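Residue-level structural notes
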Amino acid sequence: QVQLVESGGGLVQAGGSLRLSCAASGSIFSIGAMGWFRQAPGKQRELVAAITSGGSTNYADSVKGRFAISRDNAKNTVYLQMNSLKPDDTAVYYCNAETIVRDYWGQGTQVTVSS
């Protein structure tokens, strides 16, 4: 079992920045890639950014150049630095961890960007 706890969401004005953190515990040795997804009201959950255990990254086109995902394996934590935030970035952000058996999800953290 893997437990994921997110933090760092909140309310920010357009153009501002936030940093999300996701701390993993439990069977962390089994984790491969980790990522951040988001779900806005009335929309499907979508991938925002992902990072492999080796550090390779992948971003949604809508956040390229504004968001950066990073991973501290010593702290079992993945981060999402979000800059130049837009109202369209408003959503609940979920941390995800992949293992061979299944994916694990955090409880979600709300990010609200005001115009």
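**Let's talk about the packing of aromatic side chains**
Scanning all chains against the criterion turns up one aromatic pair. Between Phe37 and Trp105 the ring centres are 5.0 Å apart and the planes differ by 70°, which places this aromatic pair in the edge-to-face class. Residue Phe37 is located in strand 4 (residues 34-39), and its partner Trp105 is located in strand 10 (residues 103-105); the two are separated by 68 residues in the primary sequence. The side chain of Arg45 reaches across the aromatic face of Tyr94, ending 3.8 Å from its centre. Lying over the aromatic face of Tyr104, Arg102 brings its terminal NZ or CZ to 4.0 Å of the ring centre.

**With respect to the pattern of salt bridges**
Under the definition given, this model contains four salt bridges. Glu46 is the partner of Arg38 in a salt bridge, and the nearest nitrogen-oxygen pair spans 2.7 Å. On the basis of relative accessibility, which here comes to 7%, the residue Arg38 falls in the buried class. Between Asp89 and Arg38 there is a salt bridge, with the nearest N and O atoms lying 2.9 Å from each other. With Asp89 in the loop between strand 8 (77-82) and strand 9 (91-98) and Arg38 in strand 4, the pair connects residues that are 51 residues apart, well separated along the chain. Accessibility assignment for this pair places Asp89 and Arg38 in one class, buried. Look at the salt bridges and you will find they share partners, linking Arg38, Glu46, Arg66 and Asp89 into a network.

The rules behind these values
- Residues numbered from 1 in each chain as written.
- Predicted model: local features only at pLDDT ≥ 70, side-chain atom pairs only at ≥ 80, totals over all residues.
- Heavy atoms only, no water.
- Phe/Tyr/Trp six-rings, centres within 6.5 Å; stacked < 30°, edge-to-face > 60°.
- Helix = DSSP H or I, 4+ residues; strand = E, 2+ residues; numbered from the N terminus.
- Lys NZ or Arg CZ within 6 Å of the ring centre and 35° of its normal.
- Salt bridge = Lys/Arg side-chain N within 4 Å of Asp/Glu carboxyl O.
- Buried < 20%, exposed > 50% of the residue type's maximum accessible area, 1.4 Å probe, protein only.

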